Amino acid sequence: MKTLEGNHGGRGKNIAILVSRFNDFITKDLLNGCLQELDRLGVSKTNITVAWVPGSFELPVAALKFAKKKSVDAVICLGAIIRGDTYHFEMVAQGATQGIMQASILTGKPVIFGVLTTDTLEQAYKRCGKKGENKGIDAAVTAVEMINLLKKI
Ligand code: INI
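Our subject in this report is the structure included herewith. This is a predicted model, so every value here is computed, not measured.

## So, the pairing of strand S4 (residues 111–118)
With six of eight residues buried, S4 is to be regarded as a mostly interior element. In this structure, strand S3 (residues 74–82) lies alongside S4, joined through eight bridges in parallel fashion. Its bridge partner being in S4, Gly79 is matched across the sheet by Val115.

Quick look at the structure:
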């Protein structure tokens, strides 16, 4: 039996981070957590590009464009979709989810879903590091692990 796993070594990895400006009081914290974790994993700042999009619905098209670049190893998408804000929560959440997955499948590269989908602002606060865990950190770890795993497969 052969077991494959991606390690968390980030040296030499090139990563694009897309961040939604909508709910930026949440997404800025996700970004900070993500950048700190990438630094901890050894990803050089010079190998990271951060790009802002208007809202989570715009993440997929920008993710696809970055993922198609030879120089990019993984794309991390950060957003916060909060049900309380809008009646079209489902549309935005579904569009972002499916589109991010498509960008990954079409390019064969890790495109990481670091998008919070919560019922309330309070729940989002608990996932962006303000009052607990920070999903931006998880997104950074997942990106590096998946780059290293896909290389082995
Ligand atoms: N975008 C988000 O990232 N989060 C939200 O909660 C949200 N709400 O609530 O509407 C949101 N809407 C904007 C959307 O992502 C697009 O930018 C917009 O529809 C233009 O395409």
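Past the structure itself, the notes keep going.
## Quick notes on helix H1 (residues 24–40)
Along its 17 residues, H1 runs 24 Å from first to last C-alpha, staying within 8% of the 24 Å computed at 1.5 Å per residue. Three or more residues of H1 are buried, namely Ile26, Thr27, Asp29, Leu30, Leu31, Gly33, Cys34, Glu37 and Leu38. Structurally, H1 contributes buried residues whose contacts are with strand S1 (15–20), strand S2 (48–53), S3, S4, helix H4 (121–125) and helix H5 (135–152).

## Quick notes on the nonpolar core
Core analysis: the largest hydrophobic core is formed by 25 residues, its most contacted members being Ile15, Ile17, Ile26, Cys34, Leu38, Ile76 and Leu78. Those residues in contact with Ile15 that lie beyond four places of it in its chain are Leu38, Val43, Asn47, Ile48, Thr49, Ala74, Ile76, Ala143, Val144 and Ile147. Residues Ala51, Ala67, Cys77 and Ile81 belong to the second largest nonpolar core, which totals 21 residues.

## Thoughts on the pattern of salt bridges
A side chain of one charge can pair with a side chain of the opposite charge when the charged atoms of the two come close. Counted under the stated rule, the structure contains eight salt bridges. When the shortest N-O distance is used, the salt bridge between Lys130 and Asp29 registers 2.6 Å. In this pair, Lys130 is assigned in the loop between H4 and H5 and Asp29 in helix H1, connecting sequence segments 101 residues apart. For Lys130, a relative accessible area of 41% corresponds to the partly exposed category. With its nearest N and O atoms 2.7 Å apart, the salt bridge here joins Arg83 to Glu90. For Arg83, a relative accessible area of 36% gives the class partly exposed. Several salt bridges converge on common partners, so that one network encompasses Arg83, Glu90 and Asp119.

Each value, and the rule that gives it
Residues numbered from 1 in each chain as written. Predicted model: local features only at pLDDT ≥ 70, side-chain atom pairs only at ≥ 80, totals over all residues. Heavy atoms only, no water. Buried < 20%, exposed > 50% of the residue type's maximum accessible area, 1.4 Å probe, protein only. Helix = DSSP H or I, 4+ residues; strand = E, 2+ residues; numbered from the N terminus. Pairing = 2+ DSSP bridges. Expected span 1.5 Å × (residues − 1). Contact = heavy atoms within 4.5 Å. Core = buried A, V, L, I, M, F, W, Y, C linked by side-chain atoms within 4.5 Å. Salt bridge = Lys/Arg side-chain N within 4 Å of Asp/Glu carboxyl O.

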